[in-house]
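# Close look at the chain arrangement
Spelled out, the chains give:
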Amino acid sequence: MYDYLVVGAGLFGAVFAREAVNKGKKVLVIDKREHIAGNVYTKEIEGINVHEYGAHIFHTNNKEVWDYVNKFAEFNRFTNSPVANYKGELFSLPFNMYTFNKMWGVVTPDEAKAKIEEQKSQAGITEPKNLEEQAISLVGTDIYEKLIKGYTEKQWGRPCTELPAFIIKRLPVRYTFDNNYFNALYQGIPMGGYTGMVANMLDGIEVRTGTDYFENKKELDVQAKKIIYTGPIDAYYDFKLGTLEYRSVRFETEVLDTPNYQGNAAVNFTDRETPYTRIIEHKFFEFGEQPKTVISREYSSEWKPGDEPYYPVNDEKNGALYEEYKKLADAEDDVIFGGRLGEYKYYDMDKVIESALACAGKELSN
Ligand code: FAD
Ligand code: UDP
């Protein structure tokens, strides 16, 4: 008999399982995929750790979470500094003095501010109502046209005038020469890949991969006192209230016989015509010097039931449906729903760890 059956060997499941075992509980972890680590899974190809489900850069302001992950992996000094490629012209991201200098030839922060103010007042925007207006009031028309419009419309599959302003607000705009994409205090990549980090979390814990919960529900349920479920919440209830929607991404991964294809981990293609949004060159997450390289082209795509769920669609319709499922979930005595699918929430890795630690703290103190 297990104290806990953990469904899902992603970060939420692995952290919960670790904490429970540390408290002397008996735990079984299952995952329907053939591997552990959920969406942060990395797979070695040509000696390079490839981020199979999209590029993952660990960043956090939470010292407790940073110290926690450092117990399971050594992190390198990787700092995310993507490059934007607009029809062959290269710009620094996030928007900073290097970007402004390349765009307009301005040299001082005051000159950059004046240029943005001039473009903003020409556009006549006072209260930004959508993403287009928000972007122009933050960085002016030129940057909007070259670095934002095409990329955003490809990523979200609809015009910037129909998208909410908040999407763009999380991108920093800096009047300094700083290409760090994140404002977080701590940042890096686990050396040797995320899979190794999650394997260390699960060290000594019974894990069964290739095991779908619903296909084995009857026999699994009787073996555990409580279930920690990190799969999609609607699937748990057999979609009886309806299906929650996601936005999906498709990756085309290729091995190239060259040591250096693009000179950076991430290059964003910000024009509308290039069909993919960005190219990831995986070796640069770990400063690799292998003779070959592995790249992934990322295509944003519509999601349909059965596809891999990536980004929850946080609109009114899906939010309301999730609330209905949550009522059912809250009424369960022996099942706890957690993680990005269980809570239908866009969680960064640090937030999912924070949430799993809080859940374990509450649950295991009983
Ligand atoms: P998951 O990793 O999805 O784990 C859930 C697991 O449950 C899966 O392995 C699944 O197979 C399993 N499962 C589901 N149903 C069943 C079932 N019926 N039976 C058995 N097992 C089941 N965060 C960052 O901090 N930085 C980044 O740079 C970053 N980049 C991202 C890029 C992309 C494209 C995406 C989509 C997300 C990104 N994230 C990033 C977020 C990050 O991926 C998540 O925070 C994290 O992976 C969530 O962990 P989880 O355990 O909740 O979910
Ligand atoms: N964005 C953009 N150009 C870029 C990078 C980002 O216009 O080169 C916009 C785009 O609308 C995106 C948003 O900024 O949805 C947030 O970017 P971020 O990289 O945080 O998005 P993520 O891929 O993490 O969802």
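Only a predicted model underlies this, so the values are computations on that prediction, with no experimental measurement involved. (Residues numbered from 1 in each chain as written. Chains lettered and ligands numbered in written order. Predicted model: local features only at pLDDT ≥ 70, side-chain atom pairs only at ≥ 80, totals over all residues. Heavy atoms only, no water.)

### Quick look at unusual backbone geometry
The omega torsion across Leu 93 and Pro 94 is -10°, close enough to zero to call that bond cis. Structurally, the position occupied by Pro 94 is in the loop between strand S7 (89–92) and helix H3 (97–104). Even without being glycine, Ala 37 reaches a positive phi, approximately 90°. Considering the arrangement of structural elements, one finds Ala 37 in the loop between strand S2 (27–30) and strand S3 (42–45). The exposure class assigned to Ala 37 is buried, which follows from its relative accessible area of 1%. (Helix = DSSP H or I, 4+ residues; strand = E, 2+ residues; numbered from the N terminus. Buried < 20%, exposed > 50% of the residue type's maximum accessible area, 1.4 Å probe, protein only.)

### Concerning the site of ligand 2
Near ligand 2 you find 14 residues, and of these Leu 147, Thr 152, Trp 156, Tyr 181 and Asn 268 are the closest. Residue Thr 152 places a side-chain N or O atom 2.7 Å away from an oxygen atom belonging to ligand 2. A distance of 2.9 Å separates an oxygen atom of ligand 2 from a polar side-chain atom of Asn 268. Elements with a contribution of two residues or more to the shell around ligand 2: helix H5 (131–156) and helix H6 (166–169). Here the shell around ligand 2 gets six residues from one element, more than from any other, and that element is H5. (Near = heavy atom within 4 Å. Polar contact = N/O pair within 3.5 Å; in protein donor to acceptor, adjacent residues only side chain to side chain.)

### Thoughts on the packing of helix H1 (residues 11–22) against helix H7 (residues 194–201)
Closest axis-to-axis distance for the H1/H7 pair is 9 Å, and the angle between their directions is 30°. The angle between the axes of H1 and H7 places the two elements in the roughly parallel class. Contacts between H1 and H7 involve Leu 11, Ala 14, Val 15 and Arg 18 from the former and Met 197, Val 198, Asn 200 and Met 201 from the latter. Its residues assigned to classes, the contact of H1 with H7 shows six nonpolar, one polar and one charged. (Axes fitted to C-alpha atoms, helices over the stretch in contact; angles between N-to-C directions. Parallel < 35°, antiparallel > 145°, perpendicular 65-115°, else oblique. Contact = heavy atoms within 4.5 Å. Nonpolar A, V, L, I, M, F, W, Y, C, P; charged D, E, K, R; others polar.)

### Section: the site of ligand 1
As a matter of local geometry, ligand 1 sits amid 32 residues, with Asp 31, His 56, Ile 57, Tyr 347 and Met 349 nearest to it. Between ligand 1 and Lys 32, the relevant distance is 3.1 Å, taken from a nitrogen atom to a main-chain nitrogen or oxygen of the residue. Separating a nitrogen atom of ligand 1 from a backbone N or O atom of Ala 55 is a distance of 3.1 Å. Starting from 1000 Å² of accessible surface for ligand 1 in isolation, the protein chains cover 97%. Only H1, helix H11 (339–342) and helix H12 (349–364) provide two or more residues apiece to the shell around ligand 1. It is H11 that provides the largest number of residues to the shell around ligand 1, a total of three residues. (Areas by Shrake-Rupley, 256 points an atom, 1.4 Å probe, with all protein chains shown as cover.)

### Side note on the environment of His 282
If you trace the backbone, His 282 turns up in the loop between strand S13 (278–281) and strand S14 (293–302). For His 282, a relative accessible area of 2% gives the class buried. The spacing of His 282 and Ile 45 is 237 residues in sequence and 10.0 Å in space, taken between C-alpha atoms. Look past the residues within four positions of His 282 in its chain and what remains in contact with it is Ile 48, Asn 49, Val 50, His 51, Val 294, Ile 295 and Ser 296.

### A closer look at helix H4 (residues 109–123)
With 15 residues, H4 extends 21 Å from end C-alpha to end C-alpha; this agrees with the ideal 21 Å at 1.5 Å per step. For H4, the elements touching its buried residues are H3 and H5. Directly beyond the C-terminal end of H4, a positive phi value near 70° is found at Gly 124. (Expected span 1.5 Å × (residues − 1).)

### Let's talk about the packing of aromatic side chains
Summed over the entire model, instances satisfying the criterion amount to 30 aromatic pairs. With a centroid separation of 6.1 Å and 35° between ring planes, the pair formed by Phe 58 and Trp 66 is classed as tilted. Accessibility classification places Phe 58 together with Trp 66 in one group, the buried group. Taken together, a centroid distance of 5.1 Å and an interplanar angle of 65° make the contact between Phe 78 and Phe 285 edge-to-face. Of this pair, Phe 78 sits in the loop between helix H2 (63–69) and strand S6 (83–86) while Phe 285 is found in the loop between S13 and S14, placing the two residues 207 residues apart along the sequence. This pair shows no difference in class: Phe 78 is buried, exactly as Phe 285 is. An aromatic cluster of at least three residues, connected via ring pairs, comprises Tyr 213, Phe 214, Tyr 229, Tyr 236, Tyr 237, Tyr 325 and Phe 337. Positioned above the aromatic ring of Tyr 299 is the side chain of Arg 250, whose terminal nitrogen or guanidinium carbon lies 4.3 Å from the ring centre. (Phe/Tyr/Trp six-rings, centres within 6.5 Å; stacked < 30°, edge-to-face > 60°. Lys NZ or Arg CZ within 6 Å of the ring centre and 35° of its normal.)

### Side note on the sheet that holds strand S9 (residues 206–208)
On the basis of which strands lie adjacent, the open sheet formed by five strands has the order S9-S2-S1-S10-S16 and parallel pairing. The open sheet is flanked by S9 and strand S16 (335–337), the only strands paired with a single partner. Strand after strand, the sheet turns through a mean of 20° between neighbouring axes, direction not considered. In terms of strand pairing, strand S1 (residues 2–7) meets S2 through four bridges, oriented parallel. Bridge pairing links Val 7 to Ile 30 in S2. Packed on one face of the sheet, H1 meets S1, S2 and strand S10 (224–229) and runs near 165° to S1. (Pairing = 2+ DSSP bridges.)

### Examining the side chain of Lys 283
Looking at where Lys 283 falls in the secondary structure, it is placed in the loop between S13 and S14. Buried charge Lys 283 goes without a salt bridge, the closest partner of opposite sign being Glu 281 at 5.5 Å. Within the structure, the side chain of Lys 283 is placed 2.9 Å from the backbone oxygen of Lys 292, a separation counted as a polar contact. Once residues lying within four places of it in the same chain are set aside, the contact partners of Lys 283 are Ile 48, Pro 259, Gly 288, Glu 289, Gln 290, Lys 292 and Thr 293. (Lys, Arg positive; Asp, Glu negative; His and termini not counted. Salt bridge = Lys/Arg side-chain N within 4 Å of Asp/Glu carboxyl O.)

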